[in-house]
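Architecture and fold: a report
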Amino acid sequence: RLSRLASLKLPHHHHFSTTVAIIAEESNPALKFIPDYEGVEFLVGNDAKTLASDPRTLDTEAFIYIVPGSVEALSAAWATAKKPKWVHSFYTGIDALSGFAGESLKEGEQTLTNAKGAYSPSLAEWVITSCLYFNKQIQRCQINREQKVWDKFVMNTLYGKTIGFVGFGHIAQTSAKLAKAFGMRVLALRKNNDKEAPYADVVFPLDSSLSMLSECEFVVCSLPNTPSTMNFLGEEEFNAMPSTSVLISIGRGTAIDEVALDQALEKKSIAGAALDVFREEPLDVLSPLWRHENLLLTAHNADFTDDYCMRGWDVWKANWEAYRAGKAFVTAVKTPSEGY
């Protein structure tokens, strides 16, 4: 753990002078891209005692938390500050901060923002890649080449196929936009179905999940990690899906019952799955999931692009500009203690 504090001091030409505290592990790559702002000092730490005893923490109003930083350090610094107003999660998922939010955030006075939108384009590309991988039988093509087999099979298209989204936030909507470009029919299952649902042909309430799943060739789960989303897709849901359907998981691994998924892939009650997120990461070498030929697996790196850190900072900057101007935050989280 980082006990010494690093700080980046920039020249004070502006009347606006402030400290922003960043809670992160010293080796986190995002720290290499801290933006230059005149009149702003960035205080970097990951140790509760050190941050709490640093005199600069007292006047800090703005905080940034980068997973897997110490939430204990954030809590200590937040409690030490005289008027803490805003904490920003560098990532979109805020499940690591739901406990902190419940205990330390005063609703209406203090705000949690996140990186909503920063990583949606890359995740949407991965969703379409997964659809095409199974739809065009890429694995079959690869094996044919290796075995020198001229296999003139009937090629499928995404055009006219149905894709269903379990959760319909920013990532899902960005994916749905691409799906529409391929001529797919888009279904959405969401908690608040009075909200606008761009690109969705039909919106289903949560209690109609089995009905929606039964219509899908592709099911995309982008649910956050909350108590109510735990094992949201399990045996009953996989049984409701057609045997030709494919599960695509890009939210949090906890939303998928991996034991039930393993059985569904084994029995071929669904055609396949594409997983970028898992209950435990890295995925244990002893996990039965590794054995399935009908599984496309990536190491939670679908959004780990070369501009990953810059995109994260761009969202923080937009919120910072709003904060300085006294305007509404761009990506304020409405229900921080619920974990999304």
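For the structure, see preceding data.
Predicted, not measured: the structure shown is a model, and the values here were computed from it.

**A few points about the overall build of the protein chain**
Each helix and strand counted, the protein chain has 10 helices and 13 strands in total. For the protein chain, the C-alpha radius of gyration of 22 Å lies close to 20 Å, the compact-globule estimate for 340 residues. Dimensions of the protein chain, computed from the C-alpha atoms along their principal axes, are close to 70 × 45 × 35 Å. The burial tally for the protein chain puts 50% of its 340 residues in the buried class. Of the contacts made within the protein chain by residues no fewer than 6 positions apart, 65% connect residues no fewer than 24 positions apart. Per element, the accessible surface of the protein chain, about 16,800 Å² overall, is 53% carbon and sulfur. Here the protein chain holds 33 positive side-chain charges and 41 negative ones, and the gap between their average locations is 4 Å.

**A word on the layout of surface pockets**
Of the pockets and cavities examined, the second largest pocket occupies roughly 500 Å³. Phe 134, Asn 135, Gln 137, Val 246 and Ala 271 are the residues nearest the centre of the second largest pocket, which is lined by 20 residues in total. Elements with a minimum of two residues in the lining of the second largest pocket: helix H4 (120-135) and helix H5 (138-147). Ranked by the residues each element gives to the lining of the second largest pocket, the list is headed by H5, at 4 residues.

**A closer look at the packing of aromatic side chains**
In this structure the tally under the stated criterion is 22 aromatic pairs. With 5.2 Å between their ring centres and 45° between their planes, Trp 86 and Tyr 323 make a pair best called tilted. Placement of Trp 86 in strand E5 (residues 86-89) and of Tyr 323 in helix H10 (residues 308-324) is noted, with a sequence separation of 237 residues between them. Assigned by exposure class, Trp 86 and Tyr 323 land together as buried. Residues Trp 86 and Phe 329 carry aromatic rings whose centres are separated by 4.9 Å and whose planes lie at 40° to one another, so their mutual orientation is tilted. Highlighted residues: Trp 86 in strand E5 and Phe 329 in the segment after H10, separated in sequence by 243 residues.

**With respect to helix H2 (residues 71-80)**
Within H2, burial applies to Ala 73, Leu 74, Ala 76, Ala 77 and Trp 78. Of the surrounding elements, those touching the buried residues of H2 are strand E2 (18-23), helix H1 (48-53), strand E4 (62-65), E5 and helix H3 (98-104). The opening residue of H2, the one whose side-chain oxygen lies 3.3 Å from the backbone nitrogen of Glu 72, is Ser 70.

**Considering the nonpolar core**
In this structure, Ile 22, Ile 66, Ile 163, Ile 248, Trp 316 and Trp 320 are the most contacted members of the largest nonpolar core, which totals 54 residues. Contacts of Ile 66, omitting those with residues within four sequence positions, involve Ile 22, Ile 23, Ala 24, Asn 28, Ala 30, Leu 31, Phe 90 and Tyr 91. Core analysis: the second largest hydrophobic core is formed by 28 residues, Leu 189, Leu 223, Phe 232 and Leu 265 among them.

**Topic: empty space enclosed by the protein**
Enumeration according to the criterion identifies 1 cavity of 30 Å³ or more in this entry. Quantified by volume, the largest cavity comes out at close to 50 Å³. If you go around the largest cavity, the residues you meet are Glu 235, Phe 238, Asn 239, Ala 260, Gln 263, Ala 264, Lys 267 and Ser 269. For the lining of the largest cavity, the leading source of residues is helix H9 (residues 258-267), giving 4 residues. In terms of residue class, the lining of the largest cavity is made up of 3 nonpolar, 3 polar and 2 charged.

Scoring rules and cut-offs
- Residue numbering note: each chain is counted from 1, following its sequence as written.
- Whole-chain, interface and lining totals are the exception, using all residues; otherwise, since this is a predicted model, local features are given only for residues with pLDDT of at least 70 and side-chain atom pairs are given and counted only at 80 or more.
- Water and hydrogen atoms were dropped before computing side-chain values, which therefore reflect all heavy atoms in the structure.
- Per the convention used, a helix needs a DSSP run of H or I reaching at least four residues, while a strand needs a run of E reaching at least two, with both numbered from the N terminus.
- Our radius of gyration is a C-alpha quantity, and the globule rule it is checked against amounts to 2.2 Å times the number of residues to the power 0.38.
- Partly exposed residues are those whose accessible area sits between 20% and 50% of the maximum for their type, while under 20% is buried and over 50% is exposed, using a 1.4 Å probe and protein chains only.
- In this description, contact between two residues means that some pair of their heavy atoms is separated by no more than 4.5 Å.
- Reported accessibility uses the Shrake-Rupley method at a 1.4 Å probe radius. Residues are deemed covered only where the shown protein chains occlude them.
- Counted as positive: Lys and Arg. Counted as negative: Asp and Glu, with His and the chain ends omitted from the count.
- All charge positions are set by atom: Lys at NZ, Arg at CZ, Asp at CG, Glu at CD.
- The way it works is a 1 Å grid over only the protein atoms, where trapped points that fit a 1.4 Å probe form a cavity and open points with protein on both sides within 12 Å along at least five of seven lines form a pocket, and then any residue with an atom within 4 Å of a point lines it.
- Grid points are joined across faces, edges and corners, and a volume is the space filled by probe spheres set on the points.
- Working definition: a ring pair exists when centres of Phe, Tyr or Trp rings (six-membered ring for Trp) sit within 6.5 Å. Plane angles under 30 degrees give stacked, over 60 give edge-to-face, the rest tilted.
- Polar contacts, as counted here, are pairs of nitrogen or oxygen atoms within 3.5 Å of one another; within protein the pair requires one atom able to donate a hydrogen and one able to accept it, and residues that are adjacent in sequence qualify only if both atoms are side-chain atoms.
- Put simply, a nonpolar core is a bunch of buried Ala, Val, Leu, Ile, Met, Phe, Trp, Tyr and Cys residues held in one set by side-chain atoms that sit within 4.5 Å of each other.
- Polarity classes work like this: nonpolar for Ala, Val, Leu, Ile, Met, Phe, Trp, Tyr, Cys and Pro, charged for Asp, Glu, Lys and Arg, and polar for all others, with Gly in that last group.

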